[in-house]
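In case you want the letters, here they are:
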Amino acid sequence: MSKNLVIVESPAKAKTINKYLGKDFYVLASYGHVRDLVPKEGAVDPDNDFAMKYQVIEKNQKHVDAITKALKKSDTLYLATDPDREGEAIAWHLYELLKEQKLLEGKEIHRVVFHEITKRAIKAAMDDPRDLSIDMVNAQQARRALDYLVGFNLSPLLWKKIRRGLSAGRVQSPALRLIVERELAIEAFNAKEYWTVEADVSSKGQNFIGRLTHLEDKKLSQFDINNTELAQAAEDTLLKAAAGKLTVSKVTKKKRKRNPTAPFITSTLQQEAARKLGFTTQRTMRTAQQLYEGIDIGGSTAGLITYMRTDSVHLAQEAQDEIRAVIKERYGSDNLPAESPIYKTKSKNAQEAHEAIRPTSAERVPESIKEFLSKEQFKLYDLIWKRTVASQMVHATIDTVAADLVAENNTFRANGSTIVHPGFMAVYQESMDDKKDKSDSDQRILPELLQGEQVDLLKIRPEQHFTEPPPRFTEASLVKSLEEFGIGRPSTYASIISTLQHRDYVKLEKKRFFPTDVGRVVNKFLTNHFTQYVDYDFTANLEDELDAISRGEKEWTPMMKKFWKPFKKLVVDKEKSVTRAEVTQEAMDENCPKCGKQLSVRLGRRGSFIGCSGYPECDYTRNVGDDADASTEPEIVEGRKCPECSSDLIIRQGRYGKFIGCSSYPDCKHIEPLEKPKDTGVKCPECNKGNILQRKSRNGKIFFSCERYPDCSYAIWNEPKAEPCPECSWPITMIKTTKKRGTERVCPQKECKFAEPYELEESGEEAEND
């Protein structure tokens, strides 16, 4: 056993580092955090300076045992976890755990950090170790204590006032508020009509377009022409004034520069991967982790990108020099600026000053290593490489021209431009969220126009438009808003989004977030009764304080006391003063058609519905959105009869949603799903007679089972593939996706351990073309 023991978080990282360090070092993985707060009340003690009670995470006990065993045979311990607060906390927890077991006596302890897993960076880190940063650890402990206290006090309150199983988080709650408030703005939005007027014009055989800017000497605003009559009147006026010709009154030519965007930080990588690649934030971070920890590229393992959780846009001088050499060789000296561009961090609360996310070697061109990468690894590496290289290139130069075309006292404006020198745009252009339909003036070329020249008017085109509500959040735009408000940190964006989805507070449909009925009720309760704690500025200021603690500028316990006392007082007060009905019911200006009492919108197990305030004496209910006078008669399924008793089949509403049932219930209990199960085309491996169907459980979860049920009870949770297992020869395999391992093709047989990476086929919606 080596006398030097090195501890990192993951086995992939351990494998890469082990190859670089050689036989004098033994590298082990902790598999993430080794201990956490005890999962019960009292884990954080506010009456004892917020003392925290920890225990070893059960699934990681075997890894702790392996580290303990190796340490007994070692003289020196290197704690080489990630360079952020999370990594510092992992190193500290491991240190404390080993110290409690009295295993550190007489041993050298070093903390080493590196922002890229390359031989050069690892050697530099090992040659320059430091002590553990107790300030960074305290900041992480304070964050964990805050999250624990908020969760363990607010969540039980939500159980009492709304329903069991709900949770509220210090950071997830303001994020939920963003999504709900956007939905409320959409629902309150009233579209306004407006018209634009364009002219189709021709000069020297080339057609182009001009947009009306002045009508009868008046500069037009958006709503000056807001109905059909005004639009028709404008068209008549213009046609009469022009008489088939417009005169060029002014031509303005300018040169415009477009600068490259900064290299990636965590949030911008997540945004661009969502826009350009269709990746979720979790998929982006999982793939980036793989690229950071090391990939086997033809016999040698290398970390391909620098650390992927960062707020810094800084590039090391050594990296800049290498990138400039690559630009000169691949794109020519005319695309290389005299000096490297300097970028400033935009993030409101930038954390530790790491480097930007960049390739560890710009010379490692994406195409040269494509064969060694999975499909998603290549896509993300290609994105990072192009963004980094483009950030160090010259600006793009664009010639713009604007021409005013007049007919008497009416003016049209024609815009056009040509890209004279693409510069960085030849490599990379940043995408935008929710682009409006605009004319492609950046690509439109106007003919050579001279002042006083007359051009032919081909047609006047009035076009009707309506204002649009603000768009719902995508993952990219939500991450951007979280960053702008200072909510959360790079390492938390993905978990914030996944928590909101897991708790069923929001749903992602067609890549847009919609709040659920439960999400709306939870947000309303928190916004009305815990206003300060879901306030965007309050959350950002708390992050500021945590940053100050990590820099050693503030102590963590005074900050905790300042937060805890008023928060706890408010929880106790709301538990007594707020009733469940206040939270889950909202009175309507409508009376019950059955008993005359007031109706209210109520939250039930299956979402919101309209019910009578006289319940349980009056059982009147209807779905939200149904008319008051809508028929309560069940809908009959046309053209079908019950296969058991020949009565009519009707669509019924049950505990788990709508289904088809017999109208003679309870005498006949025949039921069937409303949606017909989808045939996967894969033959059942157990009975070899029926096909496997995709079905939905009572709770809405997708599963796959034999169509011959109940005669054959074979069922699996994951999508089957008609491809036999290469290890045990079971007739089918299945596609399984987990947070830890990503998407794999696996064997459904429990005793068989076959698993291999699997690339999902992309649908047309999977990736957005920019």
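Cut-offs applied
Residues numbered from 1 in each chain as written. Predicted model: local features only at pLDDT ≥ 70, side-chain atom pairs only at ≥ 80, totals over all residues. Heavy atoms only, no water. Pairing = 2+ DSSP bridges. Helix = DSSP H or I, 4+ residues; strand = E, 2+ residues; numbered from the N terminus. Axes fitted to C-alpha atoms, helices over the stretch in contact; angles between N-to-C directions. Parallel < 35°, antiparallel > 145°, perpendicular 65-115°, else oblique. Left-handed = near helix turned anticlockwise from the far one by under 90°. Contact = heavy atoms within 4.5 Å. Nonpolar A, V, L, I, M, F, W, Y, C, P; charged D, E, K, R; others polar. Buried < 20%, exposed > 50% of the residue type's maximum accessible area, 1.4 Å probe, protein only. Arc of directions from axis to C-beta. pLDDT = per-residue confidence, 0-100. Core = buried A, V, L, I, M, F, W, Y, C linked by side-chain atoms within 4.5 Å. Disulfide = S-S within 2.5 Å.

Our focus in this paragraph is the sheet that holds strand S20 (residues 585-591). Pairing in this open sheet of four strands is antiparallel, and the strands run S20-S21-S22-S23 from one edge to the other. Whereas interior strands pair on both sides, the edge strands pair on one side only; in this sheet they are S20 and strand S23 (621-623). Within the sheet, the average angular offset between the axes of one strand and its neighbour, ignoring direction, is 30 degrees. Relative to strand S22 (residues 607-612), strand S21 (residues 598-604) runs antiparallel, the two sharing six bridges.

Another aspect to go through is the sheet that holds strand S31 (residues 715-716). Within the open sheet, the four strands sit side by side as S28-S29-S30-S31. Their pairing is antiparallel. The open sheet has two edge strands with one neighbour each: strand S28 (678-683) and S31. Pairing geometry for S28 and strand S29 (residues 691-696), over three bridges, is antiparallel. From the neighbouring strand, Lys-683 faces S29, where its bridge partner is Asn-691.

Next up on the list: unusual backbone geometry. Here Tyr-665 and Pro-666 are connected by a cis peptide whose omega angle stands at 10 degrees. Along the chain, Pro-666 turns up in the loop between strand S26 (657-662) and strand S27 (671-673). In this structure, the amide linkage connecting Tyr-709 to the following residue, Pro-710, adopts the cis form with an omega of 10 degrees. Of note, Pro-710 is situated in the loop between strand S30 (702-706) and S31. Backbone geometry places Asp-217, a non-glycine residue, at a positive phi of 70 degrees. You can see Asp-217 is positioned in the loop between strand S10 (206-215) and strand S11 (218-219).

As a further point, take the packing of helix H8 (residues 266-277) against helix H12 (residues 375-391). At a closest axis distance of 11 Å, the pairing of H8 and H12 adopts a crossing angle of 120 degrees. Between H8 and H12, the angle is such that the two are oblique. Seen along the crossing, H8 lies across H12 with a hand that is right-handed. Where H8 abuts H12, its residues Thr-268, Leu-269, Glu-272, Ala-273, Lys-276 and Leu-277 lie against Lys-379, Leu-380, Leu-383, Ile-384 and Arg-387. Considering only residue class, the contact of H8 with H12 consists of six nonpolar, one polar and four charged.

Now for helix H4 (residues 119-127). Those residues of H4 lying buried are Ala-121, Ile-122, Ala-125 and Met-126. Looking straight down H4, one finds its buried side chains confined to an arc of 130 degrees; they lie on one side. Structural note: H4 exposes Lys-119, Lys-123 and Asp-127 on the side pointing more than 90 degrees away from its buried face. Turning to H4, the residues buried within the fold contact strand S1 (4-8), helix H1 (11-21), strand S2 (25-29) and strand S7 (76-79).

Taken across its eleven residues, helix H13 (residues 475-485) has eight buried, putting it largely inside the fold. By the burial criterion, the buried members of H13 are Glu-475, Ala-476, Ser-477, Leu-478, Val-479, Ser-481, Leu-482 and Glu-483. Structurally, H13 contributes buried residues whose contacts are with helix H6 (172-188), H8, helix H9 (281-293), helix H14 (493-502), strand S18 (506-509) and strand S19 (512-515).

When the pLDDT values of the protein are averaged, the result is 89; 93% of them are 70 or greater. Note that residues 437-442 has pLDDT below 50 and, in this model, seven contacts with residues that lie over four places away or in other chains. For residues 762-770, every residue scores under 50 in pLDDT, and the model assigns this stretch 18 contacts once sequence neighbours within four places are set aside.

Let's shift gears to the pairing of S10. As defined by bridge partners, strand S9 (residues 193-203) adjoins S10 across six bridges and the pair is classed as antiparallel. Within the sheet, the bridge partner assigned to Val-201 lies in S10 and is Phe-208. Linking S9 back to S10 in an antiparallel pair, the connection comprises two residues, with Lys-204 at a positive phi of about 55 degrees. Inspection of the sheet shows S10 paired to strand S16 (residues 410-421) by three bridges, in the antiparallel sense.

Here we come to the nonpolar core. Ile-162, Tyr-505, Val-522, Phe-525, Phe-530, Met-560 and Phe-567 are the most contacted members of the largest nonpolar core, which has 63 residues in total. If you tally residues by element for this core, the top one is helix H5 (residues 134-161), at eleven residues. Leaving out residues up to four positions away in the same chain, Tyr-505 has contacts with Leu-158, Leu-166, Ser-167, Gln-172, Leu-176, Leu-500, Phe-514, Pro-515, Thr-516, Val-518, Gly-519 and Val-522. Of all hydrophobic cores here, the second largest spans 59 residues; its members include Ile-122, Leu-269, Leu-315 and Leu-383.

For the rest of this paragraph, the subject is the pairing of strand S15 (residues 396-407). By the criterion of burial, S15 is predominantly enclosed, with ten of the twelve residues buried. Alignment of strand S12 (residues 245-258) against S15, held across eleven bridges, turns out to be antiparallel. In the sheet register, Val-251 faces S15, and the bridge partner there is Ala-403. Relative to S16, S15 runs antiparallel, the two sharing eleven bridges. Across the sheet, the residue bridging to Thr-397 is His-421, located in S16.

Here a disulfide denotes one covalent bond, and it connects the sulfur atoms of two cysteines. Taken as a whole, this structure holds zero disulfides when the rule is applied. Among the cysteines around Cys-712, which has no disulfide bond, Cys-684 carries the closest sulfur, lying 3.7 Å off. Cys-712 sits in the buried class, given a relative accessible area of 5%.

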